[in-house]
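Given next are the chains, with one letter for each unit.
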Amino acid sequence: DTAVSQTPKYLVTQMGNDKSIKCEQNLGHDTMYWYKQDSKKFLKIMFSYNNKELIINETVPNRFSPKSPDKAHLNLHINSLELGDSAVYFCASSPLHGTSQSLLDTQYFGPGTRLTVL
Amino acid sequence: EDQVTQSPEALRLQEGESSSLNCSYTVSGLRGLFWYRQDPGKGPEFLFTLYSAGEEKEKERLKATLTKKESFLHITAPKPEDSATYLCAVQTFDRDDKIIFGKGTRLHILP
């Protein structure tokens, strides 16, 4: 059984288009995240949701909008795609219980979505 | 400015040749330091969390240690299957709880 799944695995699109990446976790975790990993393999957190509420929102363009329909899903919608958006996007989840627990403890990552903007 | 630096960028070892990877950090306050392993084409896999200086954790051939300025990931008698990129990340203890990753160390173990 896949713990954290993402679709699609690969996404190739033209500049200016709008696209979405879906993420689902079947671990019963309270917190989900989106990360971006650039061509130099540098991993940067973008968003974090706890029980459908946004708790981390790093400095990313407002063209990126996370949407959490329920605790098990966190989708990433990107408007007006640009060349610089090309990267691998990872979804992750963790069993966060209260604010005293470190946010990064025992994160489970999805397989990634490689986005290529032409 | 909060910063995480990993060294070396890449490391090639013979099977059985022990070594250490370094993660040095400069942060206003450390909430936790984390080590991950990432295989090509896959998401990072959680290895360890360290919270305070002097803390050590072990898992198979890996041992992570933490001081007030850096962390080491010691690999004892590595095997080819230990080849991967090892990522270090810190979470800061400030208003925003920033999460900062290092650029990783690519480890290649030769049989």
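Residues numbered from 1 in each chain as written. Chains lettered and ligands numbered in written order. Predicted model: local features only at pLDDT ≥ 70, side-chain atom pairs only at ≥ 80, totals over all residues. Heavy atoms only, no water.

Participant: In this structure, what is going on with the interface of chain A and chain B? I would like to understand it.
Facilitator: Interface extent is often summarised as the accessible area lost during association of the parts. Taken together, the contacts link 22 residues of chain A with 20 residues of chain B. Together chain A and chain B conceal approximately 1700 Å² of surface at their shared face, both sides included; 57% is due to carbon and sulfur atoms. On inspection of chain A and its partner chain B, the count reaches zero salt bridges. Elements with a contribution of two residues or more to the side of chain A that touches chain B: β4 (31-37) and β5 (43-50) of chain A. (Contact = heavy atoms within 4.5 Å. Buried area = accessible area lost by both parts, 1.4 Å probe. Salt bridge = Lys/Arg side-chain N within 4 Å of Asp/Glu carboxyl O. Helix = DSSP H or I, 4+ residues; strand = E, 2+ residues; numbered from the N terminus.)

Participant: What am I meant to see in unusual backbone geometry here?
Facilitator: Phi is mostly negative for residues that are not glycine, and the peptide bonds are mostly trans. Here threonine 7 of chain A and proline 8 of chain A are connected by a cis peptide whose omega angle stands at -5°. Along the chain, proline 8 of chain A falls in the loop between β1 (4-7) and β2 (10-13). With omega at -10°, the peptide bond leading from serine 7 of chain B into proline 8 of chain B counts as cis. With respect to the helices and strands, the residue proline 8 of chain B is situated in the loop between β1 (3-7) and β2 (10-14). Phi is positive for alanine 77 of chain B, close to 45°, though the residue is something other than glycine. Relative to the helices and strands, alanine 77 of chain B is located in the loop between β8 (70-75) and β9 (84-92).

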